[in-house]
Amino acid sequence: MDSSARFESHSQINDDNSVSTNFLTLQQNLTEVAFSFDNGSLNVPKPRLESVSEDGNLAVVSLPSIADHPLVRGPFHRHLCVKPVNYLDIFSSGILLLGITRHNFLERSLMASARRKHFRQVFKVLGEYGASHDNFCKLGKKVAECGFSHVDRTWLVKKLKYFTDDHKKMIRRQLKLDVGEYTNETFDRLLTSSNSLRRSVEVLHNISLLKLVLPFVELEMELSNSNGEFCRKALHQIALKQRSYAAALKVTLSQYGPIGIEDTLLVEEITVEKVLEKMRILNEKVNPSGVLENTYYHQKLAEQLILRTSHGKGLLARVYHLRKMLGSSRIRYEKVKSQQQAVGAENPASLQLSFLFDSQFDSALKNLTKKFPFNQSVDSNAKDFKIVRDNASKIAGDLLPFQQTFTDIHSFMVDALNTLELVRTWLVINFSLYDVASYFLELLSTLFSLLMLLNKIEERKQIMALFGYIRRCEAASNCDLRVESFIADLDPIANLQSKLASLETVFHSGLMLPLSGLFSRRMRDPKKFMDEFNLVMRPNQIAEPFVDIALEDSQFFSPEASYLSLETIEKWMCVMVIVCPRILEDDTLREQWRVLMSNRYALPLFRDVIEKLHELMSSAIQSGNLSRDSKRALEKDIGHSQKIAATQAPTLRKKARLFLRKCLKSNYLILSDVPGLLGMKTQLALIIMGAARDEIHWLVAHCTTEAPGKKGTPPHSDLKEPHLAEMLYYVEKLRNLFKKYDQVIFVYHGSMIKRRNEDLAVIMPQVTNLPEHETTIFSDIINRIKSLPPPTEAHEAGREWDDFQGIRLDWIRLQTYLGDFPQDKRAGFLGLRTPGEPTGMNMAPQGYARMSEIASRVSRAMFGITFSSKMIDYLDNVLNQVSDMSIFFSHLDMFNAHVNALLWAPAPPEGMGVDQGSGGGGKHSSGAGASNVLINQNHLTRHVIAFPMLCAHFINMIAPVAEYVPIERDHVGDLSLTTCNTLLEEICKRACQVIREVCKQHQILSDQLMPRHAPHYGVGGQAVAVPVDPPSGGTLRKKNSIAASVQMVEKPMPGSESARERRDKQVSELDRLSNEMVELVTAINECEQIIVNRFSFAPKEFLLSRLEATFMDQIREMMDKPVSLPTAAPPPVKGQEPQVPFPVEEFSDITELRCLAEMIGPYGVRYINEVISQKILGQYQELKKIANDNAQKLNQIYQLIEAKPGEAVKVGDSLIGKDVRVKVNQFLTMMGAFLALRDLLSTALNDVLKKRVPFLMSCISGLEKPDQRPDANDLAATAGFKVKYYDPILQQLLKIKNFESLRTGTKQENDQLVNCFITLFGLSLPDIVELHNLPYNKSYETSGSNALCIGKAVNSIITMTLLMLPQPEEEYIRNCFVRFLTHASSCVLRMSESTGATSPGESGGDQGTMSAATLLLNRRSRDTTYLVLKQIVEDCPYLSMDALEAVFPYTLVRCAFHNSHLKEPPPRPVRQS
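Residues numbered from 1 in each chain as written. Predicted model: local features only at pLDDT ≥ 70, side-chain atom pairs only at ≥ 80, totals over all residues. Heavy atoms only, no water.

1. Remarks on the overall build of the chain
Within the chain, the regular secondary structure consists of 51 helices and 22 strands. Out of the 1473 residues belonging to the chain, those deemed buried represent 49%. Here the contacts in the chain between residues at least 6 apart in sequence split such that 76% fall between residues at least 24 apart. Total accessible area computed for the chain in this model is approximately 70,700 Å², and 52% of it derives from carbon and sulfur atoms. (Helix = DSSP H or I, 4+ residues; strand = E, 2+ residues; numbered from the N terminus. Buried < 20%, exposed > 50% of the residue type's maximum accessible area, 1.4 Å probe, protein only. Contact = heavy atoms within 4.5 Å. Areas by Shrake-Rupley, 256 points an atom, 1.4 Å probe, with all protein chains shown as cover.)

2. Comments concerning the packing of helix α42 (residues 1218-1252) against helix α47 (residues 1350-1362)
For the pair α42 and α47, the least separation of the axes is 7 Å and the interaxial angle reads 95 degrees. Relative to α47, α42 is oriented roughly perpendicular. Residues Leu1228, Thr1229, Met1231, Gly1232, Leu1235, Ala1236 and Asp1239 of α42 pack against Ile1350, Lys1352, Ala1353, Val1354, Ser1356, Ile1357 and Met1360 of α47. Grouping the constituent residues of the contact of α42 with α47 by class yields 9 nonpolar, 3 polar and 2 charged. (Axes fitted to C-alpha atoms, helices over the stretch in contact; angles between N-to-C directions. Parallel < 35°, antiparallel > 145°, perpendicular 65-115°, else oblique. Nonpolar A, V, L, I, M, F, W, Y, C, P; charged D, E, K, R; others polar.)

3. Re the confidence of the model for the chain
This prediction gives the chain a mean pLDDT of 75; 71% of its residues lie at or above 70. Ranking the elements of the chain by mean pLDDT puts strand β3 (residues 41-42) last with 39 and helix α34 (residues 946-950) first with 94. Of the regions scoring below 50 in pLDDT, residues 907-936 engages in 35 contacts with residues more than four places distant in sequence or in other chains. Throughout residues 1465-1473 the model reports pLDDT below 50, and contacts reaching past four residues in sequence, or to other chains, amount to 7 contacts. (pLDDT = per-residue confidence, 0-100.)

4. Regarding the packing of aromatic side chains
Within this structure, the stated rule accounts for 19 aromatic pairs. When the centroid spacing of 6.3 Å and the interplanar angle of 45 degrees are considered together, the rings of tyrosine 563 and phenylalanine 867 count as tilted. In this pair, tyrosine 563 is assigned in the loop between α19 (549-553) and α20 (566-579) and phenylalanine 867 in helix α30 (residues 845-873), connecting sequence segments 304 residues apart. Each member of the pair, tyrosine 563 together with phenylalanine 867, is buried. Considering the side-chain rings of phenylalanine 895 and phenylalanine 947, the 5.2 Å spacing of their centres and the 70 degrees angle between planes classify their relative orientation as edge-to-face. With phenylalanine 895 in helix α32 (residues 892-903) and phenylalanine 947 in helix α34, this pair connects stretches of sequence that are 52 residues apart. For phenylalanine 947, a relative accessible area of 0% corresponds to the buried category. Among the aromatic side chains, those forming a connected cluster through ring pairs are Phe888, Phe889, Phe895, Phe947 and Phe954. In this structure, arginine 784 is placed above the aromatic ring of phenylalanine 804, and the distance from its NZ or CZ to the ring centre is 5.9 Å. Its guanidinium or amino end placed over the ring of tyrosine 874, arginine 808 lies 5.2 Å from that ring's centre, counting from NZ or CZ. (Phe/Tyr/Trp six-rings, centres within 6.5 Å; stacked < 30°, edge-to-face > 60°. Lys NZ or Arg CZ within 6 Å of the ring centre and 35° of its normal.)

5. Considering α47
Taking 1.5 Å of rise per residue, the 13 residues of α47 would be expected to cover 18 Å, and the 18 Å separating its terminal C-alpha atoms lies within 8% of that figure. Burial within α47 is extensive, with 12 of its 13 residues counted as buried. Residues Ile1350, Gly1351, Ala1353, Val1354, Asn1355, Ser1356, Ile1357, Ile1358, Thr1359, Met1360, Thr1361 and Leu1362 constitute the buried set of α47. (Expected span 1.5 Å × (residues − 1).)

6. Comments concerning the packing of helix α21 (residues 587-599) against helix α22 (residues 613-623)
For the pair α21 and α22, the least separation of the axes is 10 Å and the interaxial angle reads 145 degrees. Listed contacts from α22 to Trp593, Leu596 and Met597 of α21 are Leu613, His614 and Met617. Here the residues of the contact of α21 with α22 sort into 5 nonpolar, 1 polar and no charged.

7. Here we look at the environment of methionine 871
Note on placement: methionine 871 falls in helix α30. For methionine 871 and histidine 749, which are 122 residues apart along the polypeptide, the C-alpha to C-alpha distance reads 7.0 Å. Leaving out residues up to four positions away in the same chain, methionine 871 has contacts with Thr682, Leu686, Ile745, His749 and Val878.

8. Considering the side chain of glutamine 815
With respect to the helices and strands, glutamine 815 occurs in helix α29 (residues 805-818). Its relative accessible area of 0% is what places glutamine 815 among the buried residues. There is a polar contact of 2.8 Å between the side chain of glutamine 815 and the side chain of aspartate 435. Here glutamine 815 is in contact with Leu433, Tyr434, Asp435, Val436 and Phe863, once residues within four sequence places are set aside. (Polar contact = N/O pair within 3.5 Å; in protein donor to acceptor, adjacent residues only side chain to side chain.)

9. Focus on the pairing of strand β15 (residues 602-606)
Counted residue by residue, β15 has 5 buried out of 5 residues, so it is predominantly covered. Judged from the 4 bridges that link them, β15 and strand β16 (residues 609-612) form a sheet pairing that is antiparallel. In the strand pairing of β16, leucine 603 is matched with glutamate 611. As consecutive antiparallel partners, β15 and β16 are separated by 2 residues, and within that stretch arginine 607 has a phi angle of approximately 55 degrees, a positive value. (Pairing = 2+ DSSP bridges.)

10. A look at unusual backbone geometry
Between leucine 214 and the following residue, proline 215, the backbone shows a cis peptide bond with an omega angle of 5 degrees. Looking at the element boundaries, proline 215 is found in the loop between β11 (203-213) and β12 (216-224). Of note, the phi angle at arginine 243 is positive, near 60 degrees, even though the residue is not glycine. Assignment of secondary structure puts arginine 243 in the loop between α6 (229-241) and β13 (246-256). Judged by its relative accessible area of 62%, arginine 243 falls in the exposed class. Positioned with a positive phi, arginine 1094 is a non-glycine residue whose angle comes to about 70 degrees. Tracing the chain through its elements places arginine 1094 in the loop between β19 (1090-1092) and β20 (1095-1097).

11. Remarks on the pattern of salt bridges
If you walk through the whole model with that rule in mind, you get 51 salt bridges. Notably, a salt bridge pairs glutamate 721 with arginine 661, separated by 3.6 Å at the nearest N-O pair. Taken together, the positions of glutamate 721 in the loop between α25 (682-703) and α26 (724-740) and arginine 661 in helix α24 (residues 649-673) put the pair 60 residues apart, joining distant regions of the chain. Looking at glutamate 721, the relative accessible area reads 4%, which means it is buried. Note that aspartate 1239 is salt-bridged to lysine 1352, the shortest N-O span being 3.2 Å. Within this pair, whereas aspartate 1239 is found in helix α42, its partner lysine 1352 is found in helix α47, the two being separated by 113 residues in sequence. On the basis of relative accessibility, which here comes to 25%, the residue lysine 1352 falls in the partly exposed class. Among the charged side chains, a salt-bridge network with shared partners connects Arg590, Glu591, Arg594 and Asp637. (Salt bridge = Lys/Arg side-chain N within 4 Å of Asp/Glu carboxyl O.)

12. Section: the side chain of serine 445
Locating serine 445 in the fold gives a position in helix α13 (residues 434-455). When near neighbours in sequence (up to four residues on either side) are disregarded, serine 445 contacts Lys571, Trp572 and Val575.

13. Observations concerning helix α37 (residues 1069-1084)
With 16 residues, α37 should reach 22 Å at 1.5 Å per residue; the first-to-last C-alpha distance of 23 Å fits that figure. Residues of α37 that are buried: Leu1070, Asp1071, Arg1072, Leu1073, Glu1076, Glu1079, Leu1080, Ala1083 and Ile1084.

14. A closer look at the environment of glutamine 1089
Tracing the backbone shows glutamine 1089 in the loop between α37 and β19. Sequence-distant contacts of glutamine 1089, that is, excluding residues within four places in its chain, are made with Ser1096, Phe1097, Ala1098 and Pro1099. Within the local environment of glutamine 1089, its side chain forms a polar contact with the side chain of serine 1096, the two groups lying 2.7 Å apart.

Dropping the structure here:
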């Protein structure tokens, strides 16, 4: 309800007493009207019923009740008040706009409407020339007199214009607007944008002359924010410009926006009916739509708080990015400048922002900064700034993002301050309105962090000075003096203290007190705090829904307050104290503030920007509006708490982390074992994860910030947290539990939403005093939830359960609406009452209790609904809120240091913890204890996988602000992928290294059992003399030299390390390595995949690839070593070194090769085959060289093969030397061994693939047929299938450019080379007997010299040579092999006739002089040669056993097999290591 009244002044102005009397009378009349106001309408009190009796006398029908009298019972609404919306000076009259409502609702509405619509005031001033008075009014004391006859109308109009222009210029300077020529519309627009009307600046818009009849003059002034006093002063100043004096006779406010004199009521005219009629008329004039536009329904406070906070966080990211860009630009400029003299170096001037660091710009920057801000025009042709003008385009382009960001920050600051003031004006803020209060404090905290971060950009003045000068040189119109002044005068603490001083009451009573209670609850004994949330400590309540009783007893009705970040609470409290230090005058708050200051010395602002809390607080205290004694006392508290924070806080927080780890682990084990508890224990798990996040964030902030005190002081020892990985591991496991069993959480919280909605539906009918708008919103929420299907049928419900954002936003709006209710007994929103309960000023105490109960029930139901709804459609964001570890992205050095500490912990000294026999007890226990510590350290290695998993959190840092800094998304995403990949590589690298060390230790233990170590062990464990080297660096006397070189060493017997009393105390190096290997493998096996920025990492595959690379390195090393043949005394071959061969028992086994194929996979086998191919081609090149060198002799021998085979053998023995034939056999044996290894490895791979991918192998199995395409044959050969008539070696040969020279040009040359090979191989075959360890071993079906592999080499060489021509004929190839078989058979038979009685290595001798063993060895070697010939036939696809029997007696082959079973071959020689 509103009303307007006017005080009409006639010939004389009312004095002070009359004005006060009139206003008092007006207030009494309006109060009487307000007494009849009920439920939004005005009712005239009805007269009391009376009647006349039969005798004519009056009879009282109802006795008068004094308690019902309005003056006794008071108004229905306890908080109705009458207050003027505008104010008039004591010497002015006119329109006085009054507001009558609870909480001054209409007053604020009309004031806000007036400011938004820029209502102007029109004053009519009646003045008189001739005299000057002390108060510029005719009633004042006369000061001076003068004439006025020279005053005329033209002159007066001109002076009025000059006065108006001068006033506008003064206003532009006062508001720091750009000074220039503006029209009235431009001037009004500038005033509107600068919010000058809200700053209570009196602004003159226009003056017009109504009448001039000397000595009287009547003016009309159009003003804003004036009460009439300005009009009298203006009249006096205008008269002075005319060299005269003037005083005001009458000042009348005739128009206030759309309200005129005709819309007002005189004091004596105020009645209920007239007030109602004027209300309707004024409402239509102010708001033609019929609705009050500026009520709290249309202020959209909830939306403003949410959007302003989001905008502020985006600006924080932008400022942070620009600050980083400045730092990186400076570093790069200095680096490029230092390399400027180098050839081809980059020009420093071309770098971004180089002008800020170039010494050539120093003078210009210094002068521009002195003149900044540019309140006056600047000289665009000044010589000092020529270098700036020459580089204007580059400077403007580089500085444009900074200028735009600074402008946005200034706009955000103005909007944020207005929003904070608007919320303070409209709402009763406390934590019963949790969402509104939290957004309010978060907006304030964001504004503080933004200004502090902006203040850290030291070049901000130079940037704005350069940009402003360039724009002014270009005559641009986008130079904002307000932004320049904001940057020049930036002092975050002082600015906020001056502009937010009005929030002191809100901070003290509504926010700081309850927040300090929540803080003290978090800061109590960590053991007791953790025991409340440890499921193990409360087994009787494990199957009951979790309820935070302590939070329920407070005014924090929202469950979200239970897991509110402690860092956020501390930051809110710090910011409130910094903005309003006077709230520390409360002893309770001051005590909590001391606890806060003793808990930390680093206050994070944004990411890695951290402020030293005590220095910041000291600055706030010094600049605050406090007495000198208060400042001195607070400074003393700051100094004392600073010492505690630096010395005692790390120890207390480490103790808290100890209990927290136990609580995390036990709760995770229980919830993972019984995931059905996740629904009812959701809030508990969030509290635990939130506590872990707080401790980790505190640790990171204080580890990266220098502690207060002397510089160079080492950090506190308790800041080193070796168990950080364990805490991170269990937090991540709890997160994964939420994501894995989200359906359990959905069903439980869906049912809780339904249950709380039913409670709300029962409570709301009891609420009868809510406005219609709030009631409608509550009804919509209830009906919306009621229409949802049961959560157990969610799979059939479509997407009806997927979005509760609208309900949550409606509840925040309701909090802003209900926050306008009175704040009685802090029972949440009030104004709710049940029917029949007493109302008015004399409400009974039980009425208050009843209202509090209903209000709290409604609040708890709505907060419960919003909390459960977030567990359904907002779960990922809630998990990020309570367990986000993206802070490590800004501290990657600390992140990597913890990983390295876990992976590469130093090994214990030699012998530490190893059982040394009967050593000294003290010494032994010391070593065991140290090793036990290391074992425990290794036990933490299994949690190292948490660090790669945390890389998925990095993108959460940029997700809320990605639209403000889009360039950061790619940077953060790429760096998170790189970090995760690097960490997994390091973990797998360490695992492979440990595996190799374990193998080495097992090899050492196995080697101790070798016979050569037997002399070092005494009989029965007795000591023996072991020669040792004398100590280096010393000299011994000659007589003691021998004695000094012998020392009695007691060495334990092999296997004694397994006998120990306590395994945890007597730890060997192998135990340590085995334990570390288990921990690393457990860590790698922890998760199937890690998803980082939409990419998936598989830790197992990392390990497999690293193991493959490790084994391939080992194989490469083995194959790069010189290969030796297993011969007794082979002649030296170029590039080869003879080595002692290993026995047949140690040859490659198919099982071992299957294991190798399992580990290295098809690609590894393919790589080995390629390496083997290189080796085979090298042998082929050597054999071809031998054939070419002896081509003439070989061709001569070949001519005799068909005509005279026997003579060909004799001629061959004489023409081809024995050394050449032995060398050929060596190359053939080596080449055959490589081919056999290739075939065995392919067979092993085929066996493995058939087990792992049987369906794929069944598809490939048909591709090995000869009629398939070459690429199909190659695929089949790669999968391990044997392809007939297809040699992969030949294909490899054709692909390698280095062996193009091996090709033959014509068929004649090819035939000649084949004939040479046939002759050479046939002549060399009998000399196989020269190979060492040749006899055939029946148990392993092979020869110790790999002689049976010669057949593979012969077949491959001849086939390769024949297939080099484009289209070789199969019949021709078969004929070539038949010729070779004929020639080889003749040579072997000749060997059996001529050299059968000679021993290997001898050319003759009497057989009778040989021993039986020598004769047996001779016979076995000759028999092996027969078997080699048979193996050549079996390995050749073009020959058959019939062809062999046609040229060679098969009886010799059968006898060779028979002789191999007569007697075992002589014992194998002992292999030397």
